[in-house]
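Spelled out from the first residue to the last, the chains are:
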Amino acid sequence: MIIVLKEHPEQQQLKNLEEWLRGMDIEIHPTQGIHSTILGLVGDTSRVDIDLIQALDIVASVKRIQEPYKSANRKFHPLDTVITVGNTSIGGDIFAKIAGPCSVESEEQIISIAEEVKAAGATMLRGGAFKPRTSPYAFQGMGGEGIDLLLKAKKATGLPIVTEVMDLSQLDLFADVDVIQVGARNMQNFQLLKELGKSKKPILLKRGLSATISELLMSAEYIMAGGNENVILCERGIRTFETATRNTLDISAVPVLKELSHLPIVIDPSHSAGIARFVSTLTMSAVAAGADGVMIEVHNDPTKALCDGPQSIKPDAFKVISKNIDTLLNTIKALD
Ligand code: PEP
Ligand code: MN
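No experiment lies behind these values; they were computed from the predicted model shown.

A. Highlighting the site of ligand 1. Inspection of the region around ligand 1 gives 13 residues, with Arg126, Lys131, Ala184, Lys206 and Arg236 positioned closest. A distance of 2.8 Å separates an oxygen atom of ligand 1 from a polar side-chain atom of Arg126. A distance of 3.2 Å separates an oxygen atom of ligand 1 from a polar atom in the side chain of His271. Protein coverage of the free-state accessible area of ligand 1, which is 300 Å², stands at 97%. Split by residue class, the shell around ligand 1 holds three nonpolar, three polar and seven charged.

Here you go:
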């Protein structure tokens, strides 16, 4: 971190600033210019509040050199992280195909979809039990019963399950869940992230609707700082001025996140597009961009789905996409 001081800084304020920084084990290397002084800070500056320094009368500007996230940072962990999920994994050379309905609706629905996506090559089953809906009058999910049904589907197919936690009070119900999803709306629920940091379970952390890549990584850092290194990042489309799709898939998030972090990254083309017929194209773009997996909403009868029917594809379409993913992955490997 570099602090540029204003000309003739008030000496007591400067002394206070220096003492405060040294108190955090930070070395200060001053460089005296003609008009201003620059303080170069060396040490772990991730705990330094940049806004607090910026607000001081004696400070002209502050710049971070080191990113404020450590655990999620590729600089300190150059190799790709591979996360084990049940009998499968994600990251490195292993591409994850996560598929299933937006929400669990019945035993018959979840088991039949689980069987079909498994036959088509899915490696994990998704399904919402607790649903964050924009309207309080919309279907809110089956709750604990939905988790029980997911566990039945897991038993029937062997597929590990991914499902969303919305609130701390629900966590006990997730004991047998393989991957806990933190939805876009909860990406900055710091209390929830801290609690998930105490768990060892893989967490699929979705990017918030209007969150920057840096904010997504800081949320991952919350989980990792608590001791849980098993974080999977998920780009699910961000809110832009464009209305042709539900959200805008930020495909550049893949190479950017790959450069900044060692954590696996999954693309959710379903919530990105909001329209079933675009899911295939966005999935292929995710594979081409170097994502470690995709999470796709699949429903046996999208017209009757209780949630996100318009963006859900049928199992047959998933089968084609799954095959195309493999073909593209092999083509990319051959290019390398
Ligand atoms: C979901 O995965 O069904 C979901 C609600 O996702 P998001 O948090 O990305 O909207
Ligand atoms: Mn959904």
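We are not done yet, so read on.
B. Representation of the pattern of salt bridges within the structure. Scanning the entire structure with this criterion turns up 13 salt bridges. In this structure, Lys75 engages Glu67 in a salt bridge whose closest nitrogen and oxygen atoms are separated by 3.1 Å. A relative accessible area of 21% places Glu67 in the partly exposed class. Among the salt bridges present, the one from Glu195 reaches Lys198, with a minimum N-O distance of 3.2 Å. Residue class for Glu195 comes out partly exposed when judged on its relative accessible area of 29%. A residue is classified by how much of its surface remains accessible, and Lys198, at 61% relative accessible area, is exposed. What you see here is one network of salt bridges that share partners, running through Arg207, Glu235 and Asp250.

C. A look at the pairing of strand 12 (residues 231-235). Taken across its five residues, strand 12 has five buried, putting it largely inside the fold. Of the two faces of strand 12, the one lined by Val231, Leu233 and Glu235 and the one lined by Ile232 and Cys234 are each fully buried. Between the parallel elements strand 11 (residues 203-206) and strand 12, the chain passes through helix 6 (residues 213-225) in a crossover that is right-handed. Relative to strand 13 (residues 265-267), strand 12 is paired through three bridges, and the arrangement is parallel. Residue pairing for strand 13: Cys234 is matched across the bridge by Val266. For the crossover that starts at strand 12, traverses helix 7 (residues 253-260) and ends in the parallel strand 13, the hand is right-handed.

D. Local environment of helix 3 (residues 107-119). If you check helix 3, its first and last C-alpha atoms are 18 Å apart, about what 13 residues at 1.5 Å a residue would give, namely 18 Å. Packed against the buried residues of helix 3 are strand 7 (96-100), strand 8 (124-126), helix 4 (144-157) and helix 10 (315-335). Positive backbone phi, at 110°, marks Gly121, one or two positions downstream of helix 3.

E. Structural context of the environment of Ile147. Along the chain, Ile147 turns up in helix 4. Here Ile147 falls in the buried class, since its relative accessible area comes to 2%. Residues Ile147 and Leu173 lie 26 residues apart in sequence; the distance between their C-alpha atoms is 7.5 Å. In this structure Ile147 touches Ala129, Phe130, Leu173, Phe174 and Val177, once residues within four positions along its chain are discounted.

F. A look at the packing of helix 3 against helix 4. One way to put it is that helix 3 packs onto helix 4 with a least axis distance of 9 Å and a crossing angle of 35°. The interaxial crossing formed by helix 3 with helix 4 has right-handed handedness. Counting all contacts with helix 3, which are made through Glu107, Ile110, Ile111, Ala114, Glu115 and Lys118, the residues of helix 4 involved are Leu149, Leu150, Lys152, Ala153, Ala156 and Thr157. Class assignment of the residues belonging to the contact of helix 3 with helix 4 gives a composition of seven nonpolar, one polar and four charged.

G. View of the sheet that holds strand 1 (residues 2-5). Spatial strand order, 2-3-1-4: four strands in an open sheet with antiparallel pairing. At either end of the open sheet lies a strand with only one pairing partner, and these are strand 2 (27-32) and strand 4 (59-63). Across this sheet, the average inter-strand angle for adjacent strands is 20°, counted without regard to direction. Two strands pair when backbone bridges link them, and strand 2 and strand 3 (residues 37-42) are joined in this way by six bridges, in the antiparallel orientation. Residue His29 lies in a different strand from strand 3, and its bridge partner there is Gly40.

H. Representation of the side chain of Gln181. Along the polypeptide, Gln181 turns up in strand 10 (residues 179-182). Residue Gln181 is classed as buried on the basis of its relative accessible area, which comes to 4%. Within polar-contact distance, the side chain of Gln181 engages the side chain of Glu164 at 3.5 Å. Those residues in contact with Gln181, other than ones at most four positions away along the chain, are Arg126, Val162, Thr163, Glu164, Val165, Leu204, Lys206 and Met295.

I. View of the packing of helix 5 (residues 190-197) against helix 6. At a minimum axis separation of 6 Å, helix 5 and helix 6 run at an interaxial angle of 40°. Comparing the axis directions of helix 5 and helix 6 gives the class oblique. Side by side, helix 5 and helix 6 meet where Phe190, Leu193, Lys194, Leu196 and Gly197 of the first sit next to Ser219, Tyr222 and Ile223 of the second. Considering only residue class, the contact of helix 5 with helix 6 consists of five nonpolar, two polar and one charged.

Calculation notes
Residues numbered from 1 in each chain as written. Chains lettered and ligands numbered in written order. Predicted model: local features only at pLDDT ≥ 70, side-chain atom pairs only at ≥ 80, totals over all residues. Heavy atoms only, no water. Near = heavy atom within 4 Å. Polar contact = N/O pair within 3.5 Å; in protein donor to acceptor, adjacent residues only side chain to side chain. Areas by Shrake-Rupley, 256 points an atom, 1.4 Å probe, with all protein chains shown as cover. Nonpolar A, V, L, I, M, F, W, Y, C, P; charged D, E, K, R; others polar. Salt bridge = Lys/Arg side-chain N within 4 Å of Asp/Glu carboxyl O. Buried < 20%, exposed > 50% of the residue type's maximum accessible area, 1.4 Å probe, protein only. Helix = DSSP H or I, 4+ residues; strand = E, 2+ residues; numbered from the N terminus. Right-handed = clockwise from strand over helix to strand, strands pointing away. Pairing = 2+ DSSP bridges. Expected span 1.5 Å × (residues − 1). Contact = heavy atoms within 4.5 Å. Axes fitted to C-alpha atoms, helices over the stretch in contact; angles between N-to-C directions. Left-handed = near helix turned anticlockwise from the far one by under 90°. Parallel < 35°, antiparallel > 145°, perpendicular 65-115°, else oblique.

These figures capture arrangement, not role.
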